[in-house]
Amino acid sequence: MLEKESLNFFLNGREVNLDVEKIKSFTLLDLLRNELHLTGVKRGCSEGDCGACTVVIGEYSPIYEKVIYKTITSCIYPLFKVDGKHVITIEGIEENGNLHPIQKSFIDHHAIQCGFCTPGMIMSLFGLFLENPSPSEKEITKALSGNLCRCTGYKTIKEAALDINGEDFQIPSHVKKVEEKIYERYNLEKGKTKKFRLNKIFPFREYISPHSLKDLFREISKGNYKIINGGSDLFVGINKLSLEFDGLIDISRIEELNFIHIDGKRIEFGAGITFHELLEKLKEFKHIFEIIGSNQIRKVGTMGGNIANGSPIADGAVFLLSMDAILTLEKKDGKRVVPLKEFYQGYKKFDLKEGEIISKIEFTIPEGKISYLKTSKRKEVDIASVNSSLVIDESNGKIRDVKISFGGVYPYPFRIEKGERFLKGKNLEEKNIYELAKLCKEEVAPISDVRGSKTFRKELVYNHILKHFLNLFPHIFGERNGG
Amino acid sequence: MADKIPHIDGILHATGKSQFISDMPPEKDLVYVYPVFSNVSRGEIVEIDFSESEEIDGFIDKITCKDIPGENNVGVVEKGEPVFPEEEVEFFGQPVCAVIAKDYFTARKCAKLVKIKYREKKPTLTIEEAIEKNSFFKPQLNINRGNVKKGFKESQFVIEGKLETPIQEHFYLETQTCRVIPLEKGFLIKPSSQSPSEIQEIIASVLNIPQNLVTVDIKRLGGGFGGKEHNPGLYAAITAVASFKVKRPVELRLMRDDDITATGKRHKFKAKYRCGFNKDGKIKALEYEIYSNGGAYVDLSIPVLERCVLHSENAYFIENFKLKATACKTNLHPFTAFRGFGGPQGVFFMESIIEKIAKTLNLDPMEIRKKNLYKSGDRTPYGQKIKESYLQVLFEKIEPTYKEWKKEVEEFNQKNKFEKMGIAITPIKFGISFTIRALNRGYALIILYPDGTVSVSHGGIEMGQEVSTRVAQIVSKTIGISVKNIHIESANTKRIANIPPTAASTAVDLNGNAAFKSAKILRRRLERVAKKIFKEKFNISCEEIKMENDICKCEGKEIPIKEVIERAIWDREKMAEYQFYKTPEITDFNEEKGKGHPFYYYVFGVAVSVVKTDLLTGEFKLLKTKIIHEMGNSINRDVDMGQITGAYIQGMGWLTLEDMVYKEGVPISISPSTYKIPTISDIPEVFDVELFISGSKYSSIFGTKGIGEPPFLYGESVFFAIKNAIEDGEKKDSLLTPPATPENILKAINTLKLKREK
């Protein structure tokens, strides 16, 4: 165990050591702005949704076995996570007093108006180019979807981004120099639990980051402790002063939770795998994982967190439900296996016992076709009004098997098994689909809230069913059915 | 004439070195104040209990209405808007009192622990409730031209209907912020505000100190859009009262949720209309009854209503026109200025009517528009002559694109049942000038230094619209000193005083003209001295001296301008000039007669948008946009293009994605997770913007025209394109109501289905 008296990390190539007792911040943004006076990083929303606070984190990844770079929103990034990592801010991308080509392109293209979103935009692109020196237009818009600008209408920002040539893209020399030190730190702290005891003004008094499940279970047994991974949901609540804890247990370093095994159609991964890692490793589902959150959120948000958060509209859970995914739940004295569809029991209620965590998620890519839909007010970075996933195995117009899952229409992500039973064995024809849509609509029990009324959601259930079949089998709807 | 000049602070912004208020290094002893907001829509304050927050480590003090040394008022148009209410709260989110603590986090924590007891009263929330209770702000506005009765009688068709426009949140990226620093005498105020003089006046009155002891200094805003025209006064006053009480520098900065909950937004408007026209589409008569929801205090509701009224015929000549418009007092947060300032609402009503006429006559809406466009020489319903109209030429320019795209839309729709494309065209005619004549004034102070550099102070606030860059260009062109040697100062009430708000698309017109006047005078002085130097040095008598790129030129000889300045100072020439500009010709809009010449000139333009709508999910995608925007001239093409694209996307957001949701008077879409402004993925793949340089003599400095607000109206074409897609050539009206969220789109599709079945 490492009782950490100081927080040590790298900031724009330089080592920073801070006395834990004296730290007043609990998010990275607050530390950068209020204690280190790096004010290039801005505060726009305190919930990771506007991107003004975007910075890039360099950390060693056991999945990639190298130092990787993550574009994150620092306003909801738990400060103590940066220990041993490299934080790169807008102040750290110039070299020898020369503007970085991204900065230059923004100026040349007049992609700046009020300037408040500018550093975040530039850092999002910086992170993108670190990963991918020749991004496509689509990859650029994806990378910038989590950065709001209210002035420009984005046209010039897009033009500035498209004009950055991968060959011009320079990686500041400090970035590579620090990599070795990060790796060293990783090895040094391997197997050790890091523990920060905090000032009493904090909304949590302890921050604990174990490296193994065994150590986790040693910590987990006490008091009002909350488990986080990316923390991207919990820190929204903490920022808004609505949550307080005795301590937080950060499971992002736990080795046993950080793996992906792909064996043909068989997928197994640890609950600590981020959406970004999933979409990189499971290319065939990239288009689905890509509609979850923003690039910044996908870099820290995990499938385990998405499930355990219990949101009735969780994108990842709705997808996994239709995959018949199976969860492995672990606690101190053993593990058990629960199908995801039996895991949920009520609104934010699930089959997770005291001291138990989700450790592994597995599924087999099913036979047949998959369609995923999400309807929200905005295409990118929005929470759905209704989302749904449909898996169907059909041959010669006969439906052999079907799985239908919906989010946002029940107290939890929900499989419409009555609909599945109805369709199984039926012919793939228009009237059966309409019948199914009607049946599904009757099965759901949505509520009205800020994202839509009950009636609207019910109608979406009906229409999603049609839309799924229209996506997969346009021919059954006659001639005028698709482009 | 347009030069390629980058953003004057572009490097600072791109490197993160530019400072917004909360980026400024904290003063020694800086403390933080945070308001406690009302959690009822209307109620008497029974008790405020600070005891729990007083126990928190770091609590310093509290302020209530009893701590206000002067007048408890931040209302400008009308008194009565308090800093803190004394007896009754009037809206959910109204600041009731505030706490001061050693850091920001503690201040928020202390504020949260304050317990306030209310005796709740039934609030008035909607326009309908306000009408029922006769709860209005005064005056009512009227316009009456021709004879509508006769007009209706002569019309072959008369239609009636009801329309409404949605509320919009500004979502400036930098939330309401203010820092107040006590000086040995008086206070230095650093607010994020478009209205420095208003802040100065409010704070002097609230603190009961003379105005000359209140200095307001503003370098830049992280977005304004009207949300920092009147809103910041209240928050500056709270900060000042706190600083007055604890005698320390104090900062206030709202969290996003509180900013959206508590501050003013774009007004919701409703209209009833009756319109008469002939079978060729020519409008004979139009009658309106318009209401806006003004919220709890009058704020800017009357001038906003006025601009709505003055744009409610948009680009069309209507012979017989009658209108009655009223702002309602309710128990929502006050509604305030927002880019377009009522204009977008008025234009939306007119454009909706045009669409309805087209539907009634089964004609292309394009034809109805062309039939009714203003021609040069026509008069508006309020009597102002449109001296020149570019609408016809703009329509000619855009018609081929419209026709081509319309064909694509029709072909797609033939082939598709569940997805439909739609197209719409929206013309604009937007009046430039504050409709309150007195506000049309600009100021500039230019100082030349002997090293050839320049300091410019002017009355415009920099909020991203690059008034700074453009004023610098005007000075540069006039004196011949390059932009890199010109520094634009913060707006500071000790250098430039009695400034109108930076609003109404007038900042460059007013302050650019004043700067031009100052620069011209300085140039004359410099030329006088330069002639002397040319004579002495080269023995040439110059008739004309060219001044550009920091050099004076005459008959092939050159003298650096800095040398001329140095000499001028030595010769006791005044190397600083303070000038004033007031817009000529305009009059106030006479509220009683409904007549006036409120605008110095009009801006014209036209936009076409094409969308694809999913009839099953109600989602849409904006595919293509073409905008042709008329300007007399452009001095910075990039800046103008940026204003057009930014305003267009913001306008699109208003009528589509942005859904300000309330539950019984309580705003519930108060964060970016629930209130969705457009992202980079929402902009069209084809985004074609063309500047049409008309050379119009009815324009302002160097032939330019105000650019901030007019392009906002182009966004309306997206809404009408969605409506067009849903209706797909049907004769029936889907009654799609903005914002066009998936829910409202599906509702409209269902309305059509029901009508079809009937």
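The structure displayed is predicted, hence computed values, not measured ones.

1. So, the overall build of chain A
Move 1: The secondary structure content of chain A amounts to 17 helices and 21 strands.
Move 2: Radius of gyration (C-alpha) of chain A: 23 Å, near the 23 Å computed for a compact globule of 483 residues.
Move 3: In terms of overall dimensions, chain A has C-alpha extents of about 70 × 60 × 40 Å along its principal axes.
Move 4: The buried share of chain A, reckoned over its 483 residues, is 65%.
Move 5: Taking the contacts inside chain A whose residues are at least 6 apart along the sequence as the reference set, 64% of them involve residues at least 24 apart.
Move 6: If you sum the accessible surface of chain A, you get close to 17800 Å²; carbon and sulfur atoms cover 47% of it.
Move 7: Within chain A, one finds 72 positive and 67 negative side-chain charges whose respective centroids are separated by 3 Å.

2. Quick word on a positive patch on the surface
Move 1: Residues Lys149, Lys153, Lys162, Lys272, Lys322 and Lys324 of chain B make up a contiguous surface patch of positive charge.
Move 2: Mapped onto the elements, lysine 162 of chain B comes out in strand S8 (residues 157–165).

3. Quick look at the sheet that holds strand S3 (residues 59–63) of chain B
All names here are of chain B.
Move 1: Pairing is mixed in the open sheet, where eight strands are placed in the order S3-S5-S1-S12-S9-S10-S11-S20. Either end of the sheet is taken by a strand with one partner, and the two such strands are S3 and strand S20 (491–492).
Move 2: Taken together, the four bridges between S3 and strand S5 (residues 95–101) define a ladder with antiparallel strand orientation. Within the sheet, the bridge partner assigned to isoleucine 63 lies in S5 and is alanine 98.

4. Some thoughts on the domain arrangement of chain B
Move 1: What the domain assignment lists for chain B is domain 1 (10–123 + 170–262), domain 2 (124–168 + 265–372), domain 3 (387–435 + 597–758) and domain 4 (441–582).
Move 2: Using C-alpha coordinates to define each centre, domain 2 of chain B is positioned 45 Å away from domain 4 of chain B.

5. Side note on the interface of chain A and chain B
Move 1: Taken residue by residue, the interface counts 80 residues in chain A and 87 residues in chain B.
Move 2: Taken together, the connections running from chain A to chain B amount to 10 salt bridges.
Move 3: Notably, a salt bridge pairs lysine 42 of chain A with aspartate 23 of chain B, separated by 2.5 Å at the nearest N-O pair.
Move 4: Put simply, chain A and chain B have 36 residue pairs in polar contact (both at pLDDT 80 or more) between them.
Move 5: Breaking the side of chain A that touches chain B down by element, the ones donating at least two residues are helix H2 (101–108), helix H3 (118–131), helix H4 (137–144), helix H5 (155–162), strand S18 (369–375), helix H16 (430–443) and helix H17 (454–472) of chain A.
Move 6: Considering every element that reaches the side of chain A that touches chain B, the biggest residue donor is H17 of chain A, with eight residues.
Move 7: Taken together, the residues of the side of chain A that touches chain B sort by class into 29 nonpolar, 25 polar and 26 charged.

6. Things to note about the packing of helix H6 (residues 196–207) of chain B against helix H7 (residues 231–246) of chain B
All names here are of chain B.
Move 1: One can describe the packing of H6 onto H7 by two numbers: an axis separation of 9 Å at closest approach and a directional angle of 40°. Taken together, H6 and H7 sit at an angle that is classed as oblique. Between H6 and H7 lies a crossing of right-handed hand. Here Ile199, Ile202, Ile203, Val206 and Leu207 of H6 come into contact with H7, specifically with Pro232, Gly233, Ala236, Ala237, Ala240, Val241 and Phe244.
Move 2: Classifying every residue of the contact of H6 with H7 by side-chain character gives 11 nonpolar, one polar and no charged.

7. Examining the layout of surface pockets
Move 1: Estimated volume of the second largest pocket: approximately 1100 Å³.
Move 2: Ile291, Lys379 and Glu380 of chain A together with Glu619 and Lys621 of chain B are the residues nearest the centre of the second largest pocket, which is lined by 38 residues in total.
Move 3: At the level of elements, H4, helix H10 (286–289), S18 and H17 of chain A together with strand S25 (601–614) and strand S26 (620–631) of chain B are the ones that each hand at least two residues to the lining of the second largest pocket.
Move 4: With five residues, the single largest contributor to the lining of the second largest pocket is S18 of chain A.
Move 5: Split by residue class, the lining of the second largest pocket holds 10 nonpolar, 12 polar and 16 charged.

8. Re the pattern of salt bridges
Move 1: Tallied over the full model, the rule gives 106 salt bridges over all chains.
Move 2: Residues lysine 102 of chain B and aspartate 103 of chain B are paired through a salt bridge, measuring 3.2 Å at the closest nitrogen-oxygen approach.
Move 3: You can call aspartate 103 of chain B buried: its relative accessible area is 17%.
Move 4: Glutamate 573 of chain B serves as the salt-bridge partner of arginine 528 of chain B, at 2.9 Å between the closest nitrogen and oxygen. In this pair, arginine 528 of chain B sits in helix H14 (residues 507–538) while glutamate 573 of chain B sits in the loop between helix H15 (561–570) and strand S24 (576–582), placing the two residues 45 residues apart along the sequence.
Move 5: Here arginine 528 of chain B falls in the partly exposed class, since its relative accessible area comes to 47%.
Move 6: Among the charged side chains, a network of salt bridges with common partners joins Asp324, Asp401, Lys403, Arg415, Glu420 and Lys424 of chain A.

Rules behind the numbers
- Residues numbered from 1 in each chain as written.
- Chains lettered and ligands numbered in written order.
- Predicted model: local features only at pLDDT ≥ 70, side-chain atom pairs only at ≥ 80, totals over all residues.
- Heavy atoms only, no water.
- Helix = DSSP H or I, 4+ residues; strand = E, 2+ residues; numbered from the N terminus.
- Rg over C-alpha atoms; globule rule 2.2 N^0.38 Å.
- Buried < 20%, exposed > 50% of the residue type's maximum accessible area, 1.4 Å probe, protein only.
- Contact = heavy atoms within 4.5 Å.
- Areas by Shrake-Rupley, 256 points an atom, 1.4 Å probe, with all protein chains shown as cover.
- Lys, Arg positive; Asp, Glu negative; His and termini not counted.
- Charge placed at Lys NZ, Arg CZ, Asp CG, Glu CD.
- Patch = residues over 30% accessible without salt bridge, like charges linked within 9 Å, V, L, I, M, F, W, Y side chains within 5 Å.
- Salt bridge = Lys/Arg side-chain N within 4 Å of Asp/Glu carboxyl O.
- Pairing = 2+ DSSP bridges.
- Domains from an automatic or database assignment.
- Polar contact = N/O pair within 3.5 Å; in protein donor to acceptor, adjacent residues only side chain to side chain.
- Nonpolar A, V, L, I, M, F, W, Y, C, P; charged D, E, K, R; others polar.
- Axes fitted to C-alpha atoms, helices over the stretch in contact; angles between N-to-C directions.
- Parallel < 35°, antiparallel > 145°, perpendicular 65-115°, else oblique.
- Left-handed = near helix turned anticlockwise from the far one by under 90°.
- 1 Å grid on protein atoms, 1.4 Å probe; cavity = no way out; pocket = protein on both sides within 12 Å on 5 of 7 lines; lining within 4 Å.
- Points joined across faces, edges and corners; volume = space filled by probe spheres on them.

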